[in-house]
Amino acid sequence: MDIFLSEKNRVVRQSVRRFCEKEIKPIAAEIDRECSFPWEVVEKMGRLGYFGIQAPRELGGAGLDSVSYVIVIEEISKGCAGLGLCVSVHNSVALYPILAFGTREQKQKWVPPLARGQKIGAFCLTEPNAGSDASGIEATAIRKGDHYVLNGNKVFVTNGGVADTCLIFARTDPGAGSKGISVVIAERGTPGFVVGDLEDLCGVRANPVSSIRLYDCRVPLENLLGKEGMGLRIGLTALDTGRLGIAAQGVGIAQAAFEEATKYAKQRKQFGVPISRHQAMGMMIADMATQVDAARLLVLRAAVLRDQGKPFSRQSAMAKLYASETSTSVTDMAVQIHGGYGYSKAYPVERYYRDARVTRIYEGTSEIHRMVIARSVLE
Amino acid sequence: MSASGVKQVPDTETQIRIAPDGQSIVKDDIKWVMNPYDEFGVEEALRIKEKFGGEVTIVSLGPKRVTESIRTALAMGADKGVLINDPSAEDSDALATARALAAVIKDMEYDLIFTGQRGVDDDMGLVGASVAEILGIPQLSVITKVEVSEDGTSVKVERPVEGQTLTIESPLPALITAQKGLNEPRYASLPGIMKAKKKPLEEKTLADLGLDASQFGKEARKLKVLELTPPPQRQAGKIIDGETPEEKAAELARVLHEEAKVI
Ligand SMILES: Cc1cc2nc3c(=O)[nH]c(=O)nc-3n(C[C@H](O)[C@H](O)[C@H](O)COP(=O)(O)OP(=O)(O)OC[C@H]3O[C@@H](n4cnc5c(N)ncnc54)[C@H](O)[C@@H]3O)c2cc1C
């Protein structure tokens, strides 16, 4: 893979990998079990620039390219998928839309604390009655004097339990259908901004995914991102980038599972030989190695296109689809190679298996991705 | 002002395979990282710079890929790097390596030189001592604590010896070889990596340093590796059979005495 990376990309990988091996890997099983968000490690990650990977330097970010971005997400997710999710969502669908659509003042105000990890971002689109069909949201942001009054129920908000700066998708013009949807920034602590209970999830349990409810929550008009009615466009732009992160997350989980499975297959003996010598196990290892590399290459291609300023929407959808399917199939094989031990929490593959599953669901399900890809191929 | 020697070594997680010649390892598939002992040296140099000011220069001998490790040190906060990259220096032994590093350092103004106490690849532990010898300065090896005097003219260091601590004082300039425990090296930050891109990293050949290429490389080695052998395969555990606890205990004692020869 190195032939596709610049020296800077490789230095990024080496330093993030070192951090994750020393700081994240040792606590990953525990924070999964306890559903705890490791503030101490997160603060270190903030100081190292992981929360502003691509934000410009003058706004407190690291100013890196998209290839570095996917490398960072892959490495963190390899240690802990819940933290990988945190960093991916924060960088891509929370911070990036402010950079892309914010005014100078909005960027000056919101970006530096986010980029330094002093504040954590969230993206609040999904509602109980609107998942794959984002245009079906019911939350409202009604203009009253110099404020918007927000009402709505946002569910499955990644980082929800800890987020300070939340992008809320709501209808500013309830009669205008999908053209009436806008994005308004709401801050935790504003009266009427209520964080619900944490979801008791199957995987990515270190991430405080929660609901966020808005009851007559008043935010100043200058918190509108872009213009009224631009909500879906902002959402789609954000998700193009977000998918790259989720794809990288899938690759990270798969890589971790692949490494554990290979190690185990060489150690475990049955019928007098290491199980890696049984052909069926070797076939699985071959499939795992190939799928992980293929997924990573798709992710790199989309990242390179983005860095070159070229369209990358279809490629990022393909990367997300393939990497998430890869992470579920590779973690499944890793459990199989471990036999009964793979089904026990004593081995990390059990966690990888649970973590991988959601990559096929969030930021657009695999079915929605196939629709998007088919449309772009057939149009 | 200090210089820090940095070596690139295979990641300790890498599966090492012995090459068909039986004397070297297969280098194709290896993940290379900065020698962990050198990281302690870089970190210490940076801490001294933060306290006293000055500059940290990273010096290394090796192929192009080593720039990655030098950039990592620059991203941690070092100021500049020098890579001696010369095909005729490939496979040089420790003494030749030290000659090349010393040739770079001798023309710099320096107070302290740090190297790792050894490389985790071949465990020779010779380069630091040889550099000090060539430069004619004191060498303080296997050090876990460094204290530079307030006036910056001497250094007090600690070396663990058999559960005791040996404290040594030396005038500067001096060379220190870093041991585990010296410090906890920082991680390179992402903004640091971006900044490191603009820091000077010079590449030099042996000729640039006025060195005679015939004293380097495989042919000129004073130390020759005769053979590399892989560690023995771990044997499976042994289960002691027996009808009663007494029988099992007796058998265990016999095995420990006669087979394992530990009691
Ligand atoms: C851990 C986690 C974190 C999340 N984080 C966030 C977040 O930060 N912000 C946020 O806004 N949302 C978040 N989500 C929500 C996530 O994006 C949605 O769950 C996802 O978009 C699917 O929506 P849904 O759950 O309502 O399923 P539905 O849309 O109800 O889908 C149910 C099934 O129907 C299929 N389906 C739906 N429409 C079609 C169609 N047209 N053709 C074919 N099949 C179809 C789907 O593929 C799926 O299989 C998160 C979810 C999880 C689990």
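Numbering of residues begins from 1 in every chain and follows the order in which that chain's sequence is written. Lettering for chains starts from A, numbering for ligands starts from 1, and both go in the order in which the items are written. With the structure being a predicted model, the display of local features is reserved for residues of pLDDT at least 70 and the display and counting of side-chain atom pairs for 80 or more, all residues being used for whole-chain, interface and lining totals.

## Describing the overall build of chain B
Part 1: Strands here mean DSSP runs of E at least two residues long; helices mean DSSP runs of H or I at least four residues long; both are numbered from the N terminus. Scanning chain B from N- to C-terminus turns up 6 helices and 12 strands.
Part 2: Seen along its three principal axes, the alpha-carbon backbone of chain B occupies a region of about 75 × 45 × 40 Å.
Part 3: Partly exposed residues are those whose C-beta has more than 12 but fewer than 20 other C-beta atoms within 10 Å; 20 or more makes a residue buried and 12 or fewer makes it exposed, with C-beta atoms placed from the backbone. Taken over 263 residues, chain B has a buried fraction of 40%.
Part 4: Contact between two residues is assigned whenever their backbone-derived C-beta positions fall within 7 Å. Taking as baseline every contact in chain B between residues at least 6 positions apart, the subset at least 24 positions apart corresponds to 70%.

## Looking at helix α8 (residues 313–338) of chain A
Quick reminder: α-helices carry 3.6 residues per turn. Residues three or four places apart thus point the same way.
Part 1: By this rule, a helix spans an expected 1.5 Å times one less than how many residues it contains. Taking 1.5 Å as the rise per residue, α8 of chain A with 26 residues should run 38 Å; its terminal C-alpha atoms sit 37 Å apart, in good agreement.
Part 2: In terms of burial, α8 of chain A is a largely internal element, 20 of the 26 residues being buried.

## Notes on the nonpolar core
All names here are of chain A.
Part 1: One nonpolar core equals one set of buried Ala, Val, Leu, Ile, Met, Phe, Trp, Tyr and Cys residues connected by C-beta atoms within 7 Å. With 181 residues, the main nonpolar core has Leu150, Ile168, Val184 and Val299 as its most contacted residues.
Part 2: Ranked by residues supplied to this core, first place goes to helix α6 (residues 231–267) with 16 residues.
Part 3: Val184 has contacts with Ala141, Tyr148, Leu150, Ile168, Ala170, Val219, Asn223 and Leu224, leaving out every residue within four places of it along the chain.

## A short note on the sheet that holds strand β8 (residues 145–148) of chain B
Residues and elements named next belong to chain B.
Part 1: Strand pairing follows a simple DSSP-based rule, namely that at least 2 bridges must link the two strands. Spatial strand order, β8-β9-β10: 3 strands in an open sheet with antiparallel pairing. Strands at the two margins of the open sheet, each flanked by one partner only, are β8 and β10 (164–171). Taken pair by pair, the neighbouring strands of this sheet meet at an average axis angle of 20 degrees, ignoring direction.
Part 2: Sheet topology note: the β8/strand β9 (residues 154–161) ladder contains 4 bridges and is antiparallel. Looking at β9, one finds that Lys145 is bridged to Glu158. Each axis is a line fitted through C-alpha atoms, taken for helices only over the stretch in contact, and angles between the N-to-C directions span 0 to 180 degrees.

## Thoughts on the site of the ligand
Residue and element names in this part refer to chain A.
Part 1: A molecule or strand has a residue near it when that residue's C-beta atom, placed from backbone coordinates, lies within 6 Å of it. Inspection of the region around the ligand gives 20 residues, with Leu125, Gly131, Ser132, Thr158 and Thr365 positioned closest.
Part 2: When contributions to the shell around the ligand are tallied by element, the ones reaching two or more residues are β1 (121–124), β3 (147–157) and α10 (366–378).
Part 3: Polar here means any residue other than Ala, Val, Leu, Ile, Met, Phe, Trp, Tyr, Cys and Pro, which are nonpolar, and Asp, Glu, Lys and Arg, which are charged; Gly is therefore polar. Looking at the shell around the ligand residue by residue, the class counts come to 13 nonpolar, 5 polar and 2 charged.
Part 4: In this structure, the shell around the ligand is formed jointly by two domains, domain 2 (122–229) and domain 3 (232–378), each of which donates at least three residues. All the domain ranges listed were derived from an automatic or database domain assignment.

## Let's talk about the domain arrangement of chain A
Residue and element names in this part refer to chain A.
Part 1: Once the domains are mapped, chain A shows domain 1 (2–120), domain 2 (122–229) and domain 3 (232–378).
Part 2: Between domain 2 and domain 3, the C-alpha centre-to-centre distance is 30 Å.
Part 3: Contact residues are listed per partner, giving 14 residues for domain 2 and 10 residues for domain 3.

## What about unusual backbone geometry?
Part 1: For the peptide bond that leads from Leu172 of chain B to Pro173 of chain B, omega is 0 degrees, which places it in the cis range.
Part 2: Unusually for a residue other than glycine, Phe156 of chain A sits at a positive phi of about 50 degrees.
Part 3: With respect to the secondary-structure elements, Phe156 of chain A resides in strand β3.
Part 4: Phe156 of chain A sits in the buried class, given 20 other C-beta atoms within 10 Å.

## Describing the interface of chain A and chain B
Part 1: In this complex, chain A contributes 18 residues to the contact, which on the side of chain B involves 14 residues.
Part 2: The greatest single-element share of the side of chain A that touches chain B, amounting to 9 residues, is contributed by helix α1 (residues 7–34) of chain A.

## A look at the packing of helix α3 (residues 94–105) of chain B against helix α4 (residues 127–135) of chain B
Residue and element names in this part refer to chain B.
Part 1: Taken N-terminus to C-terminus, the directions of α3 and α4 make an angle of 50 degrees; their axes are 8 Å apart at the nearest point. As summarised for this structure, α3 and α4 are arranged oblique, according to the angle between their axes. As α3 packs across α4, the resulting crossing turns out to be right-handed. Of the residues in α4, those touching α3 at Ala94, Leu95, Thr97, Ala98, Arg99, Leu101, Ala102 and Ile105 are Val127, Ser130, Val131, Ile134 and Leu135.
Part 2: Each residue belonging to the contact of α3 with α4 can be placed in one class, and the counts come to 10 nonpolar, 2 polar and 1 charged. In what follows, roughly perpendicular refers to angles from 65 to 115 degrees, roughly parallel to angles under 35, roughly antiparallel to angles over 145, and oblique to any angle outside these ranges. By convention the crossing between two helices is left-handed if the near helix lies anticlockwise of the far one by an angle smaller than a right angle, and right-handed if it lies clockwise.

## What to know about the packing of α8 of chain A against α10 of chain A
All names here are of chain A.
Part 1: Look at α8 against α10: their axes get within 9 Å of each other, and the N-to-C directions meet at 145 degrees. For the pair α8 and α10, the sense of crossing is left-handed. Contacts from Arg314, Ala317, Met318, Lys320, Leu321, Ser324 and Glu325 of α8 reach α10 at Ser366, His369, Arg370, Val372, Ile373 and Ser376.

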